[in-house]
Amino acid sequence: MQKTKGAQSLSFTETPYLISSGSVVGKKEGEGPLGNLFDMVGDNLFGAKTWEEAEGTMQSEACILTLGKAHVSAEQVRYLYGGDLLRQGIATSMGVEKLQIPMFGLFGACSTSGEALALASMAVAAGYGEYMLAVTSSHFGTAEKEFRFPLSYANQRPLSAHWTVTGSAAFLVGRKKSPVKITGVTVGKIIDYGLKDSQNMGACMAPAAADTIMQNLEDFGRSIEEYDRVVTGDLGYVGKSILVDLMREKGVDIEKNHIDCGMTIFDQKTQDTHSGGSGCGCAAVTLSSYILPKIAGGEWKKVLFVPTGALMSTVSYNEGSSVPGIAHGIVLETA
């Protein structure tokens, strides 16, 4: 039902469609350039008592919005693929529990939306079910608590640091025809340049993005110009410049048709987000609210969506380990 392409990619003979999506974000994201495009904007607690519960609530709301748009019930969904940044994926398990959809819990750091979409589309193309749900989230409060410093410490953030997006997006993938189809995936490898600065994740993730993009072009026999846009997840301003340089070293000029979700979701000058946005929710909510409508409307007919992740934990970082990166490529086309 699917066909391997090159070393790391798949193309689909039974095309999976991206039927619907839903996006839920926090206050700061709602005040940014994409604020009027999100489905739901709330305060950072979403009626919950803790940030972790709030993140789970965002996932639940994103899934319900996505299913509602497609007029599909939770019982009709065969499998759910979901993940977040927290220990044991607690935001996902709390968020999707009440849906009672059989679940695969994932961790790909900020690349989780790509991992979930890849697995969901592979399952649909293989005939394992009519509908699959992919969901992910991040939250500024939970990420700062887990990976950096308590917010009450009020530490200064270096200019290379990202601002974790408070947001969640869900995507319904299935056989039912819709304006956007998933025609291929390129599964990324772990790429480690030995960088150890967790406050400069763009530099840690850019090599992985370059590797996956180049592999996608090689596996599918394409030039970069065949994509109307190549969209990376959350490299930010620092990571983007590194990506451009790495691609030029490989003889590919990506600058003309490249955009980065971390640079798109916030206004760097007015919102004090330094290098840009990050977190699982960054690429996911930008894809749902901004990128998919452009593909559905035909403005961009073929897009390579490449969410990027920095694979670290509090343990690995505190023990002095490097921060490797990973990126997954999803080929999205106008149906």
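This report concerns the structure included in the present document. As the structure is a computational prediction, the values presented were derived from the model and not from experiment. (Residues numbered from 1 in each chain as written. Predicted model: local features only at pLDDT ≥ 70, side-chain atom pairs only at ≥ 80, totals over all residues. Heavy atoms only, no water.)

**What about the overall build of the chain?**
Then, number 1: On a plain count of helices and strands, the chain comes out with eleven helices and 17 strands.
Then, number 2: Split into buried and exposed, the 335 residues of the chain put 62% on the buried side.
Then, number 3: Counted over contacts in the chain with a minimum sequence separation of 6, partners at least 24 positions apart contribute 79%.
Then, number 4: Carbon together with sulfur atoms contributes 51% to the accessible area of the chain, which is approximately 13,100 Å² in total.
Then, number 5: When the 28 basic and 35 acidic side-chain charges of the chain are each reduced to a single mean position, those positions are 5 Å apart. (Helix = DSSP H or I, 4+ residues; strand = E, 2+ residues; numbered from the N terminus. Buried < 20%, exposed > 50% of the residue type's maximum accessible area, 1.4 Å probe, protein only. Contact = heavy atoms within 4.5 Å. Areas by Shrake-Rupley, 256 points an atom, 1.4 Å probe, with all protein chains shown as cover. Lys, Arg positive; Asp, Glu negative; His and termini not counted. Charge placed at Lys NZ, Arg CZ, Asp CG, Glu CD.)

**Quick look at the packing of aromatic side chains**
Then, number 1: The final tally for this structure, using the stated rule, is three aromatic pairs.
Then, number 2: When the ring of Tyr 81 is compared with that of Phe 104, the centres are 5.1 Å apart and the planes differ by 10°; the resulting orientation is stacked. Residue Tyr 81 is found in strand S5 (residues 79-83), and its partner Phe 104 is found in strand S6 (residues 103-106); the two are separated by 23 residues along the sequence.
Then, number 3: The buried category is assigned to Tyr 81, whose relative accessible area is 7%.
Then, number 4: Since its relative accessible area comes to 41%, Phe 104 is described here as partly exposed.
Then, number 5: Ring pairing ties together the aromatic residues Tyr 79, Tyr 81 and Phe 104, which thus form one cluster.
Then, number 6: Directly above the ring of Trp 300 sits Lys 294, whose terminal nitrogen or CZ lies 5.4 Å from the centroid. (Phe/Tyr/Trp six-rings, centres within 6.5 Å; stacked < 30°, edge-to-face > 60°. Lys NZ or Arg CZ within 6 Å of the ring centre and 35° of its normal.)

**Looking at the pattern of salt bridges**
Then, number 1: With the rule as written, the count across this model stands at six salt bridges.
Then, number 2: Taking the shortest distance from any N to any O, the salt bridge between Lys 27 and Glu 31 comes out at 2.6 Å.
Then, number 3: For Lys 27, a relative accessible area of 48% translates into the label partly exposed.
Then, number 4: For Glu 31, a relative accessible area of 51% gives the class exposed.
Then, number 5: The salt bridge involving Arg 175 is made with Glu 130; its shortest N-O contact spans 3.8 Å. (Salt bridge = Lys/Arg side-chain N within 4 Å of Asp/Glu carboxyl O.)

**Digging into helix H6 (residues 201-220)**
Then, number 1: The end-to-end C-alpha separation of H6 is 29 Å, in line with the 28 Å expected for 20 residues at 1.5 Å each.
Then, number 2: Counting buried positions over the 20 residues of H6 gives 17, a clear majority of the element.
Then, number 3: At the exit of H6 stands Gly 221, carrying a positive phi of roughly 65°. (Expected span 1.5 Å × (residues − 1).)

**With respect to helix H2 (residues 51-70)**
Three or four residues apart is the spacing at which side chains of an α-helix point the same way, because the helix has 3.6 residues per turn.
Then, number 1: End to end, H2 covers 29 Å across 20 residues, agreeing with the expected 28 Å (1.5 Å per residue, within 8%).
Then, number 2: Among all positions in H2, only Glu 52, Ala 54, Glu 55, Gly 56, Met 58, Gln 59, Ser 60, Ala 62, Cys 63, Thr 66, Leu 67 and Ala 70 are buried.
Then, number 3: Two residues or fewer after H2 comes His 71, characterised by a positive phi angle close to 55°.

**Focus: the nonpolar core**
Then, number 1: The biggest cluster of nonpolar side chains holds 44 residues, and the ones touching the most others in it are Leu 117, Phe 305 and Leu 332.
Then, number 2: Residue contributions to this core peak at eight residues, all from helix H10 (residues 280-296).
Then, number 3: Once you skip the residues sitting within four places of it in the chain, Leu 117 turns out to touch Leu 18, Ala 134, Phe 171, Val 173, Leu 287, Phe 305 and Ile 330.
Then, number 4: If you look at the next biggest cluster of nonpolar residues, it comprises 27 residues, including Cys 204, Tyr 227, Leu 243 and Leu 246. (Core = buried A, V, L, I, M, F, W, Y, C linked by side-chain atoms within 4.5 Å.)

**Quick look at the pairing of strand S7 (residues 131-138)**
Then, number 1: Buried residues dominate S7, accounting for eight of its eight residues.
Then, number 2: Bridge count for S5 against S7 is five bridges, and the pairing is parallel. When the sheet's bridge partners are listed, Tyr 79 is paired in S7 with Met 132.
Then, number 3: The pairing of S7 with strand S9 (residues 167-174) spans eight bridges and is antiparallel. Counted as the bridge partner of Val 135 is Ala 170 from S9. (Pairing = 2+ DSSP bridges.)

**Concerning the state of the cysteines**
Then, number 1: Inspection of every chain in the model, using the stated rule, returns zero disulfides.
Then, number 2: Just so you know, Cys 204 is unpaired, no disulfide at all, and the nearest cysteine sulfur is the one on Cys 110, 11 Å from it.
Then, number 3: Exposure remark for Cys 204: the relative accessible area of 3% places this residue in the buried category.
Then, number 4: The closest cysteine sulfur to the non-disulfide-bonded Cys 280 is located on Cys 110, 5.3 Å from its own sulfur.
Then, number 5: Judged by its relative accessible area of 0%, Cys 280 is buried. (Disulfide = S-S within 2.5 Å.)

Just distances and angles here, no functional claims.
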